[in-house]
Amino acid sequence: MLSVSDAERLIFDAVRPLHPERNTEVVNLLDASGRILATSVSSQLDFPHWDNSAMDGYAVRFEDVNACSDSEPAVLKIVEEIPAGTPPQKTLQPGQAARILTGSMMPEGADTVVMQENTRLDGDGVAVLVPPENPGQFVRRRGSFYQAGNPLIEGGVRLQAADIAVFAAAQATKVRVFRKPRVAILSTGSELVSPEQHLQPGQIVDSNQYALASFLSALGMEPLRVGIVEDDPATLKYSIAEALNWGDVVVSTGGVSVGDYDYIDRILEQLGGDLLVRSIAIKPGKPLTFAQFPKQQALYFGLPGNPVSALVSCWRFVKPALLKLAGLRRGWEPIFVKAKTRVELRSGGGRETYLWGRLLATETGLEFEIPGGSFSSGNLINLMQTNGCARLPVGTKRVEAGETVSVLWVDTPISEFGKLKVE
């Protein structure tokens, strides 16, 4: 049985990101949100595209107004008004000013903008009452934010709303992204039935297919639901072989323990798999299998059949592996944050233990609480709305209420908490 750190190392080291030359596609900009960028993007436009005003006011020559005051204003003749979106028509001469609006293009000859609050209209001219602090005040210079031809953003990042906005401004209406990794999911067990079937005594509803499909879709993967596969070696072998031929990754639940009907590990070896992980000193999720298939260039995760154990295993091991595979350059690793527990936390101490619950943002920092009811890996009900799992290391049997605990951050947008202190 491997330690969590050893299992993590073996799994993550085995994952190779999709090759950017063979696993990309070009998508329209409006379809790119949430996708992982495959290559760097640059623009042929400077940002700003031209010198423009950062204020409503008057475009002037600094030397005409740098010595003015309220008692001795600089009076300039207004020769033009420049609305936003309209290029200037005149070149500013000494003693002249142009009415200008925020975002409007600066006229030739002008090097400074005086905000309108520091002026007073004077017939067909404007009196400047307060001198600008320096030449170029309130002027956004062409190329001061970004110069054409340089990379706007490197590949390997998940595209967000701000990125899409920049691409739109750069007129990059199509972008190259990594294709979505294909992940086949199957549930093993003759006792399982789908949610649509009538439940007979002794049967169990297969919630894992739905949990994993939702989990994978939220990560940006392409899930294939193989369905329920009964505990028959020949049927299992055929189904797993087919899944390996289709998917970059196969995730199964059940059949990886040491029971009479647990065939997965043996079948994986028969199919040419290199089993790197068979069990982990973790609770929940001890019976976890991870294998490589060099011939199919595929990976295999055999998770426990218990739905709680399966999801905790996904959050701890499968999610980072898939994000790395998908081409995410940074931030694919598990994220742990520090939080103060509101209640006492207990574990047996023999294995690294994960207790699921809720991370809560307070004025004094993050806090963690566990759900009510029976707290066991067999209770799927109190797993609802989980967004964090407290980690109790091997040898830690108790964490008192009010103490700080390490919490695995689960499926929660960072915006919910603002700035987090990450370990």
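In the block above lies the structure referred to throughout.
Within each chain, residues carry numbers counting from 1 in the order of the written sequence. Local features in this predicted model are restricted to residues of pLDDT 70 or higher, and side-chain atom pairs are both shown and tallied only at a pLDDT of 80 or more, whereas totals for entire chains, interfaces and linings draw on every residue. The basis for the side-chain values is all heavy atoms of the structure; hydrogens and waters are excluded.

**Q** Quick question: what am I supposed to make of the environment of Gln-270 here?
**A** Among the secondary structure elements, Gln-270 is positioned in helix H6 (residues 264–270). Only protein chains enter the accessibility calculation, which uses a 1.4 Å probe; a residue is then buried when its area is under 20% of its type maximum, exposed when over 50%, and partly exposed in between. Residue Gln-270 is classed as partly exposed on the basis of its relative accessible area, which comes to 48%. Distance in space between the C-alpha atoms of Gln-270 and Lys-237 is 8.6 Å, their sequence separation being 33 residues. Helical segments are the DSSP runs of H or I of at least four residues, strand segments are the runs of E of at least two, and each set is numbered from the N terminus.

**Q** What is the right way to look at the side chain of Asn-379 in this model?
**A** By secondary structure assignment, the location of Asn-379 is in the loop between strand E25 (365–369) and strand E26 (388–392). A residue is classified by how much of its surface remains accessible, and Asn-379, at 17% relative accessible area, is buried. For the purposes of these results, a polar contact is taken to be a pair of N or O atoms within 3.5 Å, where, inside protein, one atom must be able to donate a hydrogen and its partner to accept one; residues adjacent in sequence count only when each atom of the pair is a side-chain atom. Polar side-chain contacts of Asn-379 include one of 3.1 Å to the backbone nitrogen of Ile-381. Residue contacts are counted whenever heavy atoms from the two residues lie within 4.5 Å of one another. Every residue in contact with Asn-379, bar those within four places of it in the chain, is listed here: Val-308 and Ser-374.

**Q** I would appreciate a short explanation of the nonpolar core in the present structure.
**A** Generally speaking, nonpolar side chains in soluble globular proteins are found buried as a group. As used in this record, nonpolar core signifies buried Ala, Val, Leu, Ile, Met, Phe, Trp, Tyr and Cys residues forming a set joined through side-chain atoms within 4.5 Å. Among the nonpolar cores identified, the biggest contains 50 residues, and Phe-301, Trp-315 and Leu-322 are the most heavily contacted of them. Listing elements by their share of this core, those giving two or more residues are helix H1 (4–14), strand E13 (182–188), helix H4 (208–219), strand E17 (249–253), strand E21 (298–303), helix H7 (307–325) and strand E24 (352–362). The element best represented in this core is H7, accounting for 12 residues. Leave out the neighbours within four places in its chain, and Phe-301 touches Ile-11, Val-249, Val-250, Val-251, Ser-252, Thr-289, Phe-290, Phe-317, Val-318 and Ala-321. Within the second largest apolar cluster, 19 residues are counted, among which are Val-229, Ile-240, Leu-268 and Leu-271.

**Q** It is not clear to me how the side chain of Thr-112 should be interpreted in this structure. Could you clarify?
**A** Relative to the elements of secondary structure, Thr-112 occurs in strand E7 (residues 112–115). Residue classification places Thr-112 among the buried residues on the basis of a relative accessible area of 0%. A distance of 2.9 Å separates the side chain of Thr-112 from the side chain of Asp-111, its partner in a polar contact.

**Q** It is not clear to me how the sheet that holds strand E16 (residues 222–229) should be interpreted in this structure. Could you clarify?
**A** Backbone hydrogen bonds are what pair the strands of a sheet, in a parallel or an antiparallel way. Two strands form a pair only when DSSP identifies at least two bridges running between them. One open sheet holds the 6 strands; their spatial order is E16-E13-E17-E21-E20-E18, and the pairing between them is mixed. On the outer flanks of this sheet lie E16 and strand E18 (274–277), each paired with one strand and no other. Direction aside, neighbouring strands of the sheet carry axes that sit 20 degrees apart on average. Across 5 bridges, the pairing between E13 and E17 is parallel. Each bridged residue has a counterpart across the sheet, and for Ser-187 the counterpart in E17 is Thr-253. Every angle, taken between N-to-C directions, lies between 0 and 180 degrees, and every axis is a line fitted to C-alpha atoms, over only the stretch in contact when it is a helix.

**Q** Sorry if this is basic, but what is going on with the pairing of E17 here?
**A** Side-chain positions along a regular strand alternate between the two faces of the sheet. E17 sits mainly inside the fold: 5 of its 5 residues count as buried. Here E17 shows a buried face lined by Val-249, Val-251 and Thr-253 and a second buried face lined by Val-250 and Ser-252. Pairing geometry for E17 and E21, over 5 bridges, is parallel. Bridge pairing in E21 places Ser-252 opposite Gly-302.

**Q** What is the right way to look at the pattern of salt bridges in this model?
**A** Close approach of charged atoms lets side chains of opposite charge pair. Criterion for a salt bridge: a side-chain nitrogen of Lys or Arg within 4 Å of a carboxyl oxygen of Asp or Glu. In this structure the tally under the stated criterion is 15 salt bridges. With a closest N to O distance of 3.0 Å, Arg-61 and Glu-63 form a salt bridge. One salt bridge connects Arg-278 with Asp-265, and the closest N-O pair in it is separated by 3.9 Å. Residue Arg-278 is located in the loop between E18 and strand E19 (282–283), and its partner Asp-265 is located in helix H6; the two are separated by 13 residues in the primary sequence. A residue is classified by how much of its surface remains accessible, and Arg-278, at 41% relative accessible area, is partly exposed. Of the residues examined, Asp-265 reaches a relative accessible area of 16% and is grouped as buried. Shared partners join several salt bridges into a network, and the residues in it are Glu-344, Arg-346, Arg-398 and Glu-400.

**Q** Teacher, can you tell me more about the sheet that holds E7 here?
**A** Strand order in the open sheet formed by 6 strands is E7-E4-E6-E5-E9-E8, with mixed pairing between adjacent strands. The sheet terminates laterally at E7 and strand E8 (119–122), the two strands that pair on one side only. The sheet shows a mean angle of 40 degrees between the axes of neighbouring strands, direction not considered. One ladder, built from 3 bridges, connects strand E4 (residues 57–60) with strand E6 (residues 96–100); its direction is antiparallel. Note that in E6 the partner of Tyr-58 across the bridge is Arg-99.

Remember, this is a structural readout, not a statement about activity or role.
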